[in-house]
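The primary structure of each chain is shown beneath.
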Amino acid sequence: MRYFLIVVLFFSYNASANAADADPRKIIDDMEQLYRGASSDVKMTMVVQTPQYQRTMQLTGQSLGREYGFFRILSPRKDRGIATLKRDSEMWNYFPKINKVIKVPPSMMMGSWMGSDFTNDDLVKETQLIDAYDIVMTETVSEYLFTLFPTQQAVTVWGKIEYLVSKLPLLPKSQTFFDEDGDRIREITFSEPKVFDGRMIPSVLEVRPMNKDGYSTRIIYDDIIFDSASITAQTFSMRNLKARF
Amino acid sequence: MLFVLSLSMVEGSWSNIVDIFTLDHTGHVQIHNGDYAKRPKIHKTIRDRLAVESILNDRPEVASWAPRVFSPGLAYGAAKTAPAQIFGIDPELEPTVTRILQKISAGSFFTASPNSDGYSKAMIGAGLARSLNLAVGDEIVLIASGADGSIANDIFIITGIVGNVTSFDRQGIYLPLTVAQEFLSLGSDVHEYTLLAKNKHSNEALSARLQMQIPSLKVSPWQEIQATFYKTMQSDKEGNMFFMGLVVFIVFVGVLNTVLMSVLERTREFGVLKSIGSRPGDLVKLIFLETVMLASLSVFAGFLLIFPAIYWFTEVGINMGMAVEVGGVEFDTMKGEISAYVMLMPMAFILCTAALISIPPGLRAARITPRVAMGSH
């Protein structure tokens, strides 16, 4: 989940970025700065594929800065209204059918979010890429490849992240996550760029765990509104979590 | 006598325990998809239910069967939370394979239809009722993982409390099958078929035959499902047999002595018999028949004496007052069992051994010469 937010905000920045000015720390830092500063209101479709089943969900999502996130399931009907609120490093799920708010305990953070290949931790964690990682940039004619190595102090499960970015248009193509043994664990690919609210963004994001055959989660952005005035800290309240809609 | 009684008690007690747990939950034979019995996963379901059910209906050895679904879940009472085991059972078929109707300690058995407020019905184990402080008529909230990765969550109304706090299903929550399938997003799939055989002793043969008919699924007799229990039972029986063997051996040393003595005592008579023309073979035959007849008589007398006792043990049994737990199954009455195995096996064993024992003294009598025999005192 974090990734689609990063993507959203990263590209609001990159629309105005100068490709020739390729300071990797600045690109990533700006990306994070923008992510922190902006708000977004998203409509999206999530398709979870496993060897046993395929499940399609319609979701709405709001974010405000790095600290706040809110997601609500619109369909399928059985799950309609199930919502997740993220505030700082805490997370709650709300189930309208039983009218219960359940805090996601730290032990469940690595658990799957609503059966997808995103973990609850993906929604919550706030790793600052430029603080936690040393960045090495290589460049071809059409692409930048940022290789991120965690610093000594970094608290992370990754041994390395490879971040592939195309130059024209300046859009991400993929992120590959490696464990400490150098094995590929997870890959996120970005595709089908579209213009939302005046900004070009890859509209399809696919997560594929490399150690689990046949599993993937696709997020398809249906609509995005940036910097909406209607998104305030109030959007991320317990009351709103339990509100009828 | 003792042998028959003891064997009857051992067989009876075990048969009693086996009945208790096969009729409590396990059934005589179970059908699963792959290794569900060992490694349950919510998506290891039986899809082609029609095919399985028509086979089960066609087999004459099958007395009854019932489909089931399972899942772990989290149950919420008014103020507390507890882990729960969800059992989705068919309200019509389940009572034909288990004693669940007799196990209801409060309230009543449920139906698949929702109550007047639209809530589905549930029955919960006594342990769950106690830890969540719930009673019949209360609401219980359940959360579990659906088969499609969704988070299953719903409210149910408790219509009954099942078993006591020591039952295997004390942390269980029973839902009507169709309700459980919808709750867990399983469609019409089930995880298990449990069936009772008409003859409980031939369940392994039935299981093997069904396995041939349904090669795509795993058919297991209860001996496989409850392997640990079965092994405990077998080793207990073996230990008992060894002990019985020891007792019988000591008894036979005594019997041998008696037969030998009676032959020695009558050495002079055998000498006379030989001197008037009896052949050695006749003497062996004589002693053999004598012993076998004596043994038959005593076995028959023993049978007459022990049968009422065994009958009483089988029908009434000794109430032990306090329930004893064996392999997780409780039983409070020690019972015997009447079967061909229990009655005839010891009899045949005793007759054979008696016959065998009569041969050495017989041979001794046959070999002796009349002069030596008549000269002995």
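A brief structural summary. (Residues numbered from 1 in each chain as written. Chains lettered and ligands numbered in written order. Predicted model: local features only at pLDDT ≥ 70, side-chain atom pairs only at ≥ 80, totals over all residues. Heavy atoms only, no water.)

## Description of the overall build of chain A
Threshold: Numbering goes from the N terminus for both helices and strands, where a helix is a DSSP run of H or I of at least four residues and a strand is a run of E of at least two. Residue burial is assigned from relative accessible area. The probe radius is 1.4 Å, only protein chains are included, and a residue is buried under 20% of its type maximum, exposed over 50%, and partly exposed in between. Two residues qualify as a contact provided that any one of their heavy atoms is within 4.5 Å of a heavy atom in the partner residue. Per-residue and other accessible areas were derived by the Shrake-Rupley procedure at a 1.4 Å probe size, with only the shown protein chains allowed to occlude residues.
What chain A contains, in helices and strands, is 5 helices and 13 strands. Burial status across chain A gives 51% buried among its 245 residues. For chain A, the proportion of contacts with a sequence separation of at least 24, taken over those separated by at least 6, is 47%. Accessible area of chain A: about 11,200 Å², with a carbon and sulfur share of 49%.

## Focus: the interface of chain A and chain B
What counts, and what does not: Simply put, the buried area is the total loss of 1.4 Å probe accessible area from both parts when two parts are fitted together. Any carboxyl oxygen of Asp or Glu within 4 Å of a side-chain nitrogen of Lys or Arg constitutes a salt bridge here. Polar contact is defined as a pair of N or O atoms within 3.5 Å, subject to the rule that within protein one atom must be able to donate a hydrogen and the other to accept it, and that residues adjacent in sequence are counted only when both atoms are side-chain atoms.
With 13 residues of chain A at the interface, the matching set in chain B holds 15 residues. Of the roughly 1,300 Å² buried between chain A and chain B, counting both surfaces, carbon and sulfur atoms make up 61%. On the chain A side of the interface with chain B, the three residues burying the most area are Lys78, Lys97 and Ile98 of chain A, jointly 37% of the side's total. The interface formed by chain A and chain B contains 2 salt bridges. In this structure, the salt-bridge partner of Lys97 of chain A is Asp154 of chain B, at a minimum N-O distance of 4.0 Å. Along the contact surface separating chain A from chain B lie 4 residue pairs in polar contact (both at pLDDT 80 or more).

## Quick word on the packing of aromatic side chains
Threshold: Side-chain rings of Phe, Tyr and Trp (the six-membered ring for Trp) are treated as a pair once their centres are within 6.5 Å; stacked means planes under 30 degrees apart, edge-to-face means over 60, and tilted covers the remaining angles. Over a ring means this: the NZ of a Lys or the CZ of an Arg is within 6 Å of the ring centre and within 35 degrees of the ring normal.
Taken as a whole, this structure holds 16 aromatic pairs over all chains when the rule is applied. For the ring pair Phe146 of chain A and Tyr163 of chain A, a centre distance of 6.5 Å and an interplane angle of 80° mean the geometry is edge-to-face. A residue pair is termed long-range when its members are at least 10 positions apart, and Phe146 of chain A in strand S8 (residues 143–150) and Tyr163 of chain A in strand S9 (residues 160–166) qualify at 17 residues. Each member of the pair, Phe146 of chain A as well as Tyr163 of chain A, is classed as buried. Aromatic side chains Trp158 of chain A and Phe177 of chain A sit 4.8 Å apart centroid to centroid with 45° between the ring planes, which places their arrangement in the tilted category. On the criterion of sequence distance, the pair formed by Trp158 of chain A in the loop between S8 and S9 and Phe177 of chain A in strand S10 (residues 171–178) is long-range, its members being 19 residues apart. Taken together, Tyr36, Phe70, Phe87, Phe168 and Tyr174 of chain B form an aromatic cluster joined through their ring pairs. One Lys or Arg, Arg186 of chain A, reaches over the ring of Phe177 of chain A and ends 5.6 Å from the middle of that ring. Its guanidinium or amino end placed over the ring of Tyr215 of chain A, Lys212 of chain A lies 4.5 Å from that ring's centre, counting from NZ or CZ.

## A short note on unusual backbone geometry
Residue and element names in this part refer to chain A. The peptide bond linking Ser75 to Pro76 adopts the cis configuration, its omega dihedral lying at 5°. Of note, Asp88 is a non-glycine position whose phi angle comes to about 50°, a positive value. In this fold, Asp88 is placed in the loop between strand S4 (83–87) and strand S5 (90–95). Judged by its relative accessible area of 42%, Asp88 is partly exposed. The phi dihedral of Asp227 falls on the positive side, at around 50°, and the residue is not glycine. A relative accessible area of 47% places Asp227 in the partly exposed class.

## Side note on helix H11 (residues 280–315) of chain B
Residues three or four positions apart in an α-helix share a direction because the helix packs 3.6 residues into each turn. Let me state the cut-off plainly: Here the expected length of a helix is defined as 1.5 Å per residue gap, with one fewer gap than residues. To get the bend at a given residue, fit one axis to the seven residues ending there, fit another to the seven starting there, and take the angle between those axes.
In this model, H11 of chain B (36 residues) spans 51 Å end to end at C-alpha, consistent with the 52 Å of a helix rising 1.5 Å per residue. Ile306 of chain B marks where H11 of chain B bends most, by close to 35°; the proline Pro308 of chain B follows one to four residues later.

In short, shape yes, function no, at least from these values alone.
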